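Summary of structural features
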Amino acid sequence: MAGDSEEERDGFNHTPLRIPGLLYVSVKMENPNLTLSGDLLPHVSGSFPLGPSWDPSKALSMERESATVWELSFVVPPNHEALEFKFLLKPNCIDNPCFVEEGSSRVLVGGAWQDGDRMALFRLDNDQVLEYRVFVEAKRISPFDLAASWRAYQENFRLSSVRGIPDVSINSEHQTGNENISSANLELDLEHYIVPSPSTSPSSALAYAANSTENPRSLGGGSASISSSMGDDGVPMINQPETVGEVHAPDQSKVYQSPGMVKSQSVGTICPPQKEGSLRGVSIDRGVGFPRLVKSSSSDAFTTNFNLDPVTKNSIPAAAGAVAAAAIADQMLGPKEHRHLAIVMVSLPARGKTYTAAKLTRYLRWLGHNTKHFNVGKYRRLKHGSSQSADFFRADNPEGVVARNEVAKMAFEDMISWMQEGGQVGIFDATNSSKQRRNMLMKLAEGRCKIIFLETICNDVDIIERNIRFKIQQSPDYAEVPDFEAGLRDFKERVAYYEKVYETVEEGSHIKMIDMASGHGGQIQVNNISGYLPGRIVFFLVNTHLTPRPILLTRHGESRFNVRGRIGGDSALSEAGELYKKKLAKFVEKRLKSERAACIWTSTLQRTILTAGPIVGFPKIQWRALDEINAGVCDGMTYEEIKKNMPAEYESRYKDKLRYRYPRGESYLDVIQRLEPVIIELERQRAPVVVISHQAVLRALYAYFTDRPLQEIPDIEVPLHTIIEINLGVTGVEEKRYKLMD
Ligand SMILES: Nc1ncnc2c1ncn2[C@@H]1O[C@H](COP(=O)(O)OP(=O)(O)OP(=O)(O)O)[C@@H](O)[C@H]1O
Ligand SMILES: O=P(O)(O)OC[C@H]1O[C@](O)(CO)[C@@H](O)[C@@H]1O
């Protein structure tokens, strides 16, 4: 092309000394007809630096790149002397003679043949001739890049200094004798280290979980974030400032309540796992040691080039591995209406329906299932006002019954419409406490979605009393009742009306959670449940409980790779990282001193194990699932190096960081998949857990607890040397952050 410099044309400089850099030269030989030459191995002999000499016995062997191609690569200065060499074929058997290519020596200058491309011809003993095509490629590389790769290579292959530590360990005194932990003093009051949590995380401000459920579209509230409230005439006013503290924009991450923590402990026994995913009529006692479901290893993330109709396509979860595989199988094999699942909550008021529905929604969304929570109370308040007295809920008040059935229908139809647009799991949150109501819902669902009833039963009067008191404080139903005791009387009257006509679920597919909030184990009964997703839901519910406890999430102390901006690897800690590990040990000692049963979880990479090193007195467990995202071929590179050397990869990751899978590595969706057992175990644990892991992994774990959308996960801020404390409590999730050092 006119104006192109010679350098631009062939990628390197022919003018010695003008432009710095080195030439990476790759010489290749190809013979598509390998059956003839399978035991003859291509070699190169020649002048320095290609081969030590022309002596065939010292020729350099070429590496097999594919079935038919052999390659030898080396690095030379761009102004190197002419390299003279010849190809030879050496037999496997050392005693047989080798064959040197015919013709004159080849000469390479500046990464190009001086005498043009010519085939390499070998005349064998029997006068048979073998022909190989020969190519050369040269690229300029910076000596700094080369040195950096070499250093990363060496660091990557340096043996970890934590080898030999068993997967489960406990150190009662500091492991490395020369570690002066007292040098890392902390302020007496840990509150000193508290820093604000991001504005999108769960706050300690009181909030009512039902508020953050779907906005009633049939009442004028689309699924977009609208703000609406009741007008004086009972007609909903859209996009008006909230007046009754009820319907507001559904920011999933802002709906948590402050924990009115209650202490309880429970362990129990479990029934053996059920046969072939079918859980008909069995009871499962909740408790420790529930067997983990075996998960398949990651497969390619789902891409949209399946031959499925648009609705089906939308209802495929944004997930990898087992979740995607199961969803595809269900789409292909199951009855059409079973592609959509309605979990219909059932219970008396204040028995944890909304709490359970919200938690399940969060879990399913995190796994990649398109899930929405429809709360009929929200529809009722929007349609009929929020100050209905107990009378409205009497079963012998025909107007009340009609009004309540009407809003239930509206919410159910909204849920079905959303499913028909591609929604996968709808959680339908209302008391649904009579057979008649449930029959109505089953009729509405016919041919459109599968229903599973999820009933929460609570026989503990203290818990019911606590729940009711919480309702009076939180529910918009009592926002305008200034007298707490009057509110309490009214709500109890409402509960009594429901009790009169309450019918426990006996029909259809159902799950019963019995006394799960009591702290004594409780029980789950399941009837006529089968399939991947219902199975996962049961498994999740079996493992969840309400025992308040903190989960402390922290990245390892700064690593040597962090200092150099290199990703992945298995490097040790930097000086700052060394200091952090000591401060963290002090922090854990203070924060968890009265928590005998707490546990420390690390990944299997040395930077987390070293960070946990000085923590004494608690068991430490290494989990492979907590290892950092596997950067595959990019492991050990800087982002700059990836951008420069693999621009297409860099661009693809930039465009879709959630789904992008590093070549021979993982995507964020893969990481989420492998973290599912970690989430289940964190839910199941009743004592505090300190998780010392890595940026990508902690982003995924944090997103689960704070209900952040999948798409946001890869960009969540998880800074070094900061502890994120997640408090799980009877009213939801609360977050605190401690920054121990800059
Ligand atoms: N399985 C359970 N049994 C009893 N209480 C529970 C259970 N799960 C959660 N809770 C507690 O119940 C409290 C009230 O729960 P929630 O608001 O979800 O009740 P609800 O059944 O939806 O009430 P309503 O029918 O009035 O809307 C929660 O703060 C939680 O602490
Ligand atoms: O997904 P991101 O933003 O590249 O973050 C994950 C990266 O963070 C690190 O933990 C530290 O840089 C890397 O090892 C890892 O590849």
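Residues numbered from 1 in each chain as written. Chains lettered and ligands numbered in written order. Predicted model: local features only at pLDDT ≥ 70, side-chain atom pairs only at ≥ 80, totals over all residues. Heavy atoms only, no water.

**Quick look at unusual backbone geometry**
- Notably, Arg664 is not glycine yet its phi reads approximately 60°, a positive angle.
- Located in the positive-phi region is Asp707, a residue other than glycine, with phi close to 55°.
- As for its placement among the helices and strands, Asp707 is situated in the loop between helix H18 (695-706) and strand E27 (722-729). (Helix = DSSP H or I, 4+ residues; strand = E, 2+ residues; numbered from the N terminus.)

**A short note on the site of ligand 1**
- The local shell around ligand 1 holds 18 residues, among which Ala350, Lys353, Thr354, Tyr355 and Val730 are the closest.
- The separation between a nitrogen atom of ligand 1 and a polar side-chain atom of Asn467 is 3.0 Å.
- Relative to its unbound accessible surface of 640 Å², ligand 1 loses 93% to contact with the protein.
- Secondary-structure elements contributing two or more residues to the shell around ligand 1 are helix H5 (353-367) and helix H9 (461-474).
- Considering every element that reaches the shell around ligand 1, the biggest residue donor is H9, with four residues.
- Taken together, the residues that form the shell around ligand 1 break down as nine nonpolar, five polar and four charged. (Near = heavy atom within 4 Å. Polar contact = N/O pair within 3.5 Å; in protein donor to acceptor, adjacent residues only side chain to side chain. Areas by Shrake-Rupley, 256 points an atom, 1.4 Å probe, with all protein chains shown as cover. Nonpolar A, V, L, I, M, F, W, Y, C, P; charged D, E, K, R; others polar.)

**Re the sheet that holds strand E1 (residues 22-30)**
- An order of E4-E5-E1-E11-E10 is seen for the five strands of this open sheet, with the pairing classed as antiparallel. Among the strands making up the open sheet, the edge pair consists of strand E4 (63-64) and strand E10 (120-123).
- By the bridge criterion, nine bridges tie E1 to strand E11 (residues 129-141) in an arrangement that is antiparallel. In the strand pairing of E11, Met29 is matched with Val134. (Pairing = 2+ DSSP bridges.)

**Remarks on the pairing of strand E22 (residues 523-527)**
- Here E22 shows a clear split, with Ile524 and Val526 buried on one side and none of Gln523, Gln525 and Asn527 buried on the other.
- In this structure, strand E21 (residues 510-514) lies alongside E22, joined through five bridges in antiparallel fashion. Paired with His510 across the strands is Asn527, a residue of E22. (Buried < 20%, exposed > 50% of the residue type's maximum accessible area, 1.4 Å probe, protein only.)

**Remarks on the environment of Ile609**
- With respect to the helices and strands, the residue Ile609 is situated in helix H14 (residues 606-612).
- The spatial distance from the C-alpha of Ile609 to the C-alpha of Gln622 is 7.8 Å, given a sequence separation of 13 residues.
- Setting aside residues up to four positions removed in sequence, Ile609 forms contacts with Val162, Ile165, Thr602, Ser603, Thr604 and Gln622. (Contact = heavy atoms within 4.5 Å.)

**Some thoughts on the site of ligand 2**
- As a structural note, the neighbourhood of ligand 2 is formed by 13 residues, with Glu628, Tyr639, Arg653, Lys657 and Tyr668 the closest of them.
- Take Gln695: an N or O atom from its side chain is 3.0 Å from an oxygen atom of ligand 2.
- Relative to its unbound accessible area of 400 Å², ligand 2 is 93% covered by the protein chains.
- Looking at the shell around ligand 2, its residues break down into four nonpolar, three polar and six charged.

**Digging into the pairing of strand E26 (residues 689-693)**
- Within E26, five of the five residues are buried, which leaves the element mostly enclosed by the surrounding structure.
- A two-sided burial pattern is seen for E26, the buried positions comprising Val689, Val691 and Ser693 on one face and Val690 and Ile692 on the other.
- In this structure, strand E24 (residues 599-602) lies alongside E26, joined through four bridges in parallel fashion. If you follow Ile600 over to E26, its bridge partner there is Val690.

**Side note on the confidence of the model for the protein chain**
- A residue-level look at the protein chain finds 78% of positions with pLDDT of 70 or above and a mean pLDDT of 81.
- Every residue in residues 1-17 is under pLDDT 50, and counting partners more than four places away or in other chains gives 24 contacts. (pLDDT = per-residue confidence, 0-100.)

**Here we look at the sheet that holds E27**
- In spatial order, the strands read E12-E25-E24-E26-E23-E27-E28-E13; together these eight strands make up an open sheet with mixed pairing. Edge positions in the open sheet fall to strand E12 (168-169) and strand E13 (194-195), since each of these has one partner strand only.
- Here helix H17 (residues 668-684) sits on the sheet and contacts strand E23 (549-555), E24 and E26; the angle it forms with E23, its principal contact strand, is near 145°. (Axes fitted to C-alpha atoms, helices over the stretch in contact; angles between N-to-C directions.)

**Quick notes on the UniProt feature "binding site: substrate" (unreviewed entry) in the protein chain**
- Sites flagged by UniProt as "binding site: substrate" (unreviewed entry) map to Arg555, His556, Gly557, Glu558, Ser559, Arg560, Phe561, Asn562 and Arg607. The greatest C-alpha distance among the annotated residues, which extend across 53 residues, is 13.9 Å, indicating that they converge on a single site.
- On the secondary structure map, Arg555 appears in strand E23.
- Apart from the residues within four sequence positions on either side, Arg555 is in contact with Asn562, Tyr580, Ile692, Ser693, His694, Gln695, Leu698, Val718, Pro719 and Leu720.
- One polar contact links Arg555 to Gln695, side chain to side chain, over a distance of 3.1 Å.
- Locating Arg560 in the fold gives a position in helix H12 (residues 560-564).
- For Arg560, a relative accessible area of 36% corresponds to the partly exposed category.
- For Arg560, the contacting residues outside a window of four places in its chain are Arg158, Ser571, Ala572, Leu573 and Ser574. (UniProt positions renumbered as here; feature names shortened; annotations may be inferred.)

**Quick notes on the packing of helix H7 (residues 398-420) against helix H8 (residues 435-445)**
- Two numbers describe how H7 lies on H8: the axes approach to 11 Å, and their chain directions differ by 30°. Comparing the axis directions of H7 and H8 gives the class roughly parallel. Judged by the twist between their axes, the crossing of H7 over H8 is right-handed. On H8, the residues that touch Arg404, Asn405, Ala408, Lys409, Phe412, Glu413 and Ile416 of H7 are Arg437, Met440, Leu441, Leu444 and Ala445. (Parallel < 35°, antiparallel > 145°, perpendicular 65-115°, else oblique. Left-handed = near helix turned anticlockwise from the far one by under 90°.)

**What about helix H6 (residues 376-384)?**
- Summarising burial for H6: seven of the nine residues are buried, a large majority.
- Taken residue by residue, H6 has Val376, Gly377, Lys378, Tyr379, Arg380, Arg381 and Leu382 as its buried positions.
- With a side-chain oxygen lying 3.1 Å from the backbone nitrogen of Gly377, the N-terminal cap of H6 falls on Asn375.
- One or two steps after H6, the chain reaches Gly385, where phi turns positive at roughly 90°.

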